[in-house]
Structures are given as C-alpha cells and as structure tokens.
Amino acid sequence: MYCKNCGTQNMEGNNFCRNCGTRLTEPTVDTQTQPMNEGVYNYTQPEAEIVEQAVQPETEIVDQAIQQETEVVDQTLQPDTERLDNTTQSTTEGYYSNSQPNEGIAPSYQQNYNMAPENIAQGANNPNLQMNMGKSKRVPKKLWFGLGAVAIALAAFLIFWVNKKPTIDLNKYIIITCEGYDGYGKADISIDWDAIEEKYGDKVKFTKKAKTEYGEFVRLVRPLEILHDYVDIDLENTSNLSNGDRIAYTWDIDANDISKYIGCKVKFSNGKYKVSGLTAIGEFDPFEGVEITFRGVAPDGQAEILYNGEIMSAYDFYCDNTTGLSNGDTITVYIDSYDMEYYAETYGKVPTVTEKKYTVSGLSGYVSSISDLNEDIKKNLQSQSEDIIADYTSAWSSEAFVDSVTYMGDYMQTPKTNYSGAYNLYSLVYKISSHVRASSSYPAVKVVQYYEVKFPNIIANADGSYDVDFEYYYTPLDTFTKDAYYGEESYSYDRYYYYGYETLADLKQACEYYYGDEYNFEWNVEDVKEASNSDDFDDAIAYTEGIHTYDVFMGDMTWEEANQACMDAGGHLVTFETNEEYEYVLSSLELNQSNYYYVGGKCVDDQYYWLSPGEWHTEEALEGREEWMKGEPSYNDGDTVEDRMGIFYYKKEKRWVWNDVANDLLDKASNFSGKLGYICEYE
C-alpha cells in the first residue's frame, strides 16, 4: 500500500503512513449515525491540513520535535487506563456506530510509532491530530523481550561472521599446462599461490595453537607460506601424452595440521584433466643413411654399423650380433625406443621404426665344398702338389725310379661341429707308378702308391679370389714296404719304404679312421673301392717300422701318473725315435694347440733320453735336437727341478716344441689346468 502524500510503501492494514503520518484508509461510517456524518466530515476535513503541516515542518521544527520526542511520547503514550477509556468514549461516541474502543487508531499507531516518531511528536501538541489519534497503550514487555532477542542474535551473528574461518577452494587455483608433441607431450601441474595470496592473504591467520607452540616464529612467516607446505598435488602421468588423454590429478594435503595451525579451511577434490593443444608430430626413417659392413672370414665374420645421415649418429644404433657371422645369417639393428621423447623434443619428429633386419653377405668364407673352388685355384693347387711330389720322389734311393705321376681326383673334409681344428681340408690324390731294382741281375719290382697332398683352411673371398697358404700342407705318414732282391738267399734283399697307400680303398679307409669322428667327407676320386685285403683296418695298412699306434688322453695329473696310466693300458708315454714318427704323431693326432702334453723323455745323469719299454733309456741323448724350444732344456725353473719332457705349440716360433718340465706341471703352471694331456704309444 503506497502513501498518496509521500509515495512511501506501507504494510497492508496500516491506517497511517509510516513516513509522513497521513491517513491511509477512511473511517467506517455506520448508517444509523447518518445525521452526524456531516459533522464528522467537517471535523475530519481539517485533519489533512494539520497532518500536512506536521509532516512538512522546517528543519528547525523537526529538530525540536525530535529532541522532545521522549517527553511527548511519555505524555501521549502513557495515560492511565481509565482516562484513556473516557477520552476514547467521549471522542468516538455518536460518530462510529457499533465500533469498539481504540479500533482504527491505537492499533495503527502501535504498528508505526517506531517508524515516524517526528510526526507523533508534532501531533502531541496538535489538539485536532491528538483527538484524531486518541491515546496509545503502553508497549508490551513481550515486544521488548523480542527486540532484545533479535539484538542478541544479531550480535551473535556478527561475532560468528567476524570469527568465521575463510574457506579456500583449492580446485579453483589448479594450473595444468601441456606442451610438446602429440604422443610425446609433457604435462605440469601447479597451484596459483599468487592468486590465493591476493584473495586470502589478509584473511588467513595463525591459530592460537600455532602461536602457543611456535611463539615468536609465527611473526617471521605468513600463514599462507605454511599452508603451501601442507598442500601438494600430483599428476599420474606427465610424459608421452597425446591429445585427448585424460590424466588424473590427486591432492596430498595434511588436513590435520592445517586445522591446528592455520585459521582457514581448504576445499579440494581429485579429478581428471583432458590433454589438448599438443603439436602434431612428424616422422622419419632412422635407417635411411645406415650402412652395415661385413668383414672377416665366416664363420668368424664381423659386422660394423656406419651412418651417413643427418639426424642421428652411429652410436644411436646397436646390433644383436656383430661377431661369429657367416654369409646368409640375419642380424637385427635397433635404436632405443626410450629415446622417442628425445627425438620429438629435439627434431619435432620421431622414427617410424625401431629395428631393421640385415642379411650377412660379402664375407670371405672357408670353403665347404669342392664346388666352391673354381678351376683356376684347382689348377694352382695341382701344380703345387706336383711340385711337392717331385721333391718327395727326388729323395728316393738311386735304385728307385718314378715311372709316372697321375692325378686321380680330390676330396674335401669339413667339420661336423665347431671343431677347434681346421675349418676345411682339401686333398689332391695322385697315383705314383715306380719301380725299384736292387741288382741288375734280378728283375725290378714295380710299385704303385697313392699319395695325397692336403691343404687346410682355404678361404674364398667375396671378389672371387682365394687365400691359400701353399707352404702349409700335409702328406701321408702311413707307409708300406717293398722288398727287392739282389741275391738268392732269403735275406738277400733290400726293403724300401713308401709313404702312402697301395690302393685307393686303403687311402679312403685311413682318412675315415683318422678324421671320421670330426669331419664329413666329399669324395671326388676315381676308382675308390673298399679295402680288399682285410676288414680289419690294422691289417689293411702296412706300417713302417717305428710307426705304431697312439692315443691322446686329457687329465690333470703328474708326469709319473700319466706314464703309469699308459703302462696300465699296455703302452708307455710316446717316444719320438725318428723324425718321421714325430711328424706322424703331430699330423695324425691333430693335437690341440692350446694344450700341453706329457711325452716319454726323462733326464738321467743330466741328460735327456727316451725311455724304452723294458729298458732304462735309449742310447742317444736328446740334447742339441732342433725340436727343443729355444733355450731348452734348462733342467730347472728357479728352485723347481725340471727333469721330465712335454710338448706344446709355441706361438712365437709357430711350431710344436719340446720342453723340459717338472713332474707336477700344474704346481708351477696352474693355468694349464683342464688343458693338460698325455700321449700313449702302443707297440
């Protein structure tokens, strides 16, 4: 309801304006008092003027009315009950039919007296206005109590508001940044403490507990600095990110210490962040510019990685196998997949692949088949073999004559496994026809022998050439004999020894006997047949005198123990009574050049002799023989007496040598443990 005089909005049911005091409603007129209506309206007509004058005083009059407010209110609002009733009756009787005392005036005044006291103060001295308002009742005590309760509640609210702890919503201050390339991006998370400081710096205080426990220290730091130490946030993943990834962030907050020492509350919740804004990544082929070179001889070839590109270097690549290679092998070259982030950050692109396979080729290799040899190398080897045979036959007795030398063919030996001996053995077989005449009075004896020249470790190079040591070869040590008579007596003959075999079958059987355990054979020799004279190989080969049967054994033992082991087996430690026997043992047994072998020589009366079965020693001393290692025999090594013999391959001299040794070699040279052996001879 709005006042027509001043426009102030009033509550519904108010009879007078709370601002200017103007009546808002007209009094009710009963039909039974109609004769008095004129008087009533005449009486009330001046009221508007009086009220208008009351609500528009000059400033000075208003001030005086306000100063007199207490006095006027006391005079106006506190009449005794009896006077109030009489006054009301005399004023209203005859004007308002069927009206109750005080209705329409006192209630309106009671609702608005606090709102317009200046009007009331002025109306207290105005008889017309005073008669129109009547006398008010005393303010009820309940109202005073209600006002007091409101004041107390307001004071409590103000106290609560002043002491209320500010609440910081930490999630509003999360800063997550993503940078880099799509697929290899990086994320970082932090808290905008500057913004928190700006908003809450003056609002957050230390608690009493903090001041009590830390005293003057709290004056040296700000509460938000301490809060910073209690709050942390982490990302579950910060690298190798792609656009669209959702990464979780997790708060780590010491809520207990915050509530104890800092006068604020923190609000937070874990969540996820969607990655975006990463730059698209490029790609490149890391193996463009890679060159793999192979060198060496198969199966011991080597691989080397070369790089002539611009982005990477040879050190960025590694290989699963760079040694022990043969042509046709496959190797794999890798780059480290963990370096992808580095490539992305450095070059803005990443490799399309991380590995590539290469096939080994171009290595020189040991010949493994006769077909690996071309005709030129075969002719060169044949020529060299025929020169060797010529040298051999030129040393024959003057009674022996060569009739012809015929090339019969060749055969190849290759290791069955990774044998430590030769990688291949290529043999050329010849038939030597000859005759021997011990006396012109007796017929000549015709001789046919099959002779071979064996070349080891022939290498075929990628350019079609070959590596062959023409000065390194083997010839037969097996022999057979022929007797040529020069008289009629049964003993009137000369015996001639021939190296080689009487038949091709004998040659083949001998090769398989000596080499069959370690080598495969590829035969290309005409008329090779089984031995015809015996199924027993010992019967098929006619041994020369001084050439016997030999065995090699390995074991960490003393010289005496080795000799006893040979004797227990029906033999003795080998004795090289001729150069032929020595060469035969070295060739046929193919001794390991890394090993040391006891042999049957012993120092007696300061000289070395071969021990013979059933005898003390041979008659000829061994000092001065060229087979000794240079400077040997020395007879001792410091305080150690060296009075036994052994042999080993001396790399410095590139040959097998004799050496004097203590009875217990391992006591002085423990490095030969596992490499110590001995050779037994059976006669």
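In what follows, the accompanying structure is described. All values derive from a computational prediction rather than experimental measurement.

Attention now goes to the overall build of the protein. Across its full length, the protein holds 19 helices and 33 strands. Relative to its full complement of 683 residues, the protein shows a buried share of 40%. Contacts in the protein between residues at least 24 apart in sequence constitute 66% of all its contacts with a sequence separation of at least 6. Only carbon and sulfur atoms are counted for the fraction: they give 46% of the accessible area of the protein, which is about 39300 Å².

Counting across every chain of the model gives 41 aromatic pairs. By way of ring pairs, the aromatic residues F576, Y582, Y608, W610, W628, Y635 and W658 are connected into one cluster.

On the secondary structure map, R495 appears in strand β23 (residues 493-499). R495 sits in the partly exposed class, given a relative accessible area of 39%. With 10 residues separating them in the primary sequence, R495 and Y485 have C-alpha atoms 8.7 Å apart. Sequence-distant contacts of R495, that is, excluding residues within four places in its chain, are made with T481, K482 and D483. A polar atom in the side chain of R495 sits 3.5 Å from the side chain of Y493.

A surface patch of positive charge is lined by K172, K199, K203 and K267. With respect to the secondary-structure elements, K172 resides in the loop between β1 (167-169) and β2 (174-179). Assessed through its relative accessible area of 64%, K172 is described here as exposed.

All right, on to the state of the cysteines then. Evaluation of the coordinates by the stated rule reveals 1 disulfide. Residue C566 pairs covalently with C680 via a disulfide, S to S 1.9 Å. For the disulfide bridge between C566 and C680, the dihedral angle about the S-S bond is near -80 degrees, and by the sign convention the bridge is left-handed. Of this pair, C566 sits in helix α17 (residues 559-568) while C680 sits in strand β33 (residues 676-682), and the two are 114 residues apart along the sequence. In terms of burial, C566 and C680 fall into one category: buried.

Moving on: the environment of E310. Tracing the backbone shows E310 in the loop between β11 (302-307) and β12 (317-319). When the C-alpha positions of E310 and P286 are compared, they lie 9.9 Å apart, and in sequence the two are 24 residues distant.

Attention now moves to the nonpolar core. Ranked by size, the top nonpolar core spans 38 residues in total, and within it F576, M645, I647, W656, W658 and I679 carry the most contacts. Counting residues per element, this core draws most heavily on helix α15 (residues 504-515), which supplies 6 residues. Setting aside chain neighbours within four positions, we find W656 in contact with Y582, L586, L591, N592, Q593, N595, Y597, E627, I647, F648 and Y649. Among the nonpolar cores identified, the runner-up in size contains 36 residues, and I196, L227, Y249 and I262 belong to it.

Attention now goes to the pairing of strand β9 (residues 290-295). Alternating residues of β9 divide into V290, I292 and F294, all buried, and E291, T293 and R295, none buried. Across 6 bridges, β9 lies against β11 in antiparallel orientation. Looking across to β11, one finds that T293 is bridged to E304.

Per the stated rule, a full pass over the model turns up 16 salt bridges. Put simply, K186 and E341 hold a salt bridge, and the shortest N to O gap is 3.4 Å. Pair noted here: K186 is in strand β3 (residues 186-191) and E341 is in helix α13 (residues 340-347), with a separation of 155 residues, a long-range link. In this structure, the salt-bridge partner of K378 is E375, at a minimum N-O distance of 4.0 Å. Note that K378 and E375 are positioned in helix α14 (residues 375-394) at a spacing of 3 residues, about one turn of the helix. It is possible to trace a salt-bridge network through shared partners that takes in E560, K602, D643 and R644.

The rules behind the values
Residues numbered from 1 in each chain as written. Predicted model: local features only at pLDDT ≥ 70, side-chain atom pairs only at ≥ 80, totals over all residues. Heavy atoms only, no water. Helix = DSSP H or I, 4+ residues; strand = E, 2+ residues; numbered from the N terminus. Buried < 20%, exposed > 50% of the residue type's maximum accessible area, 1.4 Å probe, protein only. Contact = heavy atoms within 4.5 Å. Areas by Shrake-Rupley, 256 points an atom, 1.4 Å probe, with all protein chains shown as cover. Phe/Tyr/Trp six-rings, centres within 6.5 Å; stacked < 30°, edge-to-face > 60°. Polar contact = N/O pair within 3.5 Å; in protein donor to acceptor, adjacent residues only side chain to side chain. Patch = residues over 30% accessible without salt bridge, like charges linked within 9 Å, V, L, I, M, F, W, Y side chains within 5 Å. Salt bridge = Lys/Arg side-chain N within 4 Å of Asp/Glu carboxyl O. Lys, Arg positive; Asp, Glu negative; His and termini not counted. Charge placed at Lys NZ, Arg CZ, Asp CG, Glu CD. Disulfide = S-S within 2.5 Å. Core = buried A, V, L, I, M, F, W, Y, C linked by side-chain atoms within 4.5 Å. Pairing = 2+ DSSP bridges.

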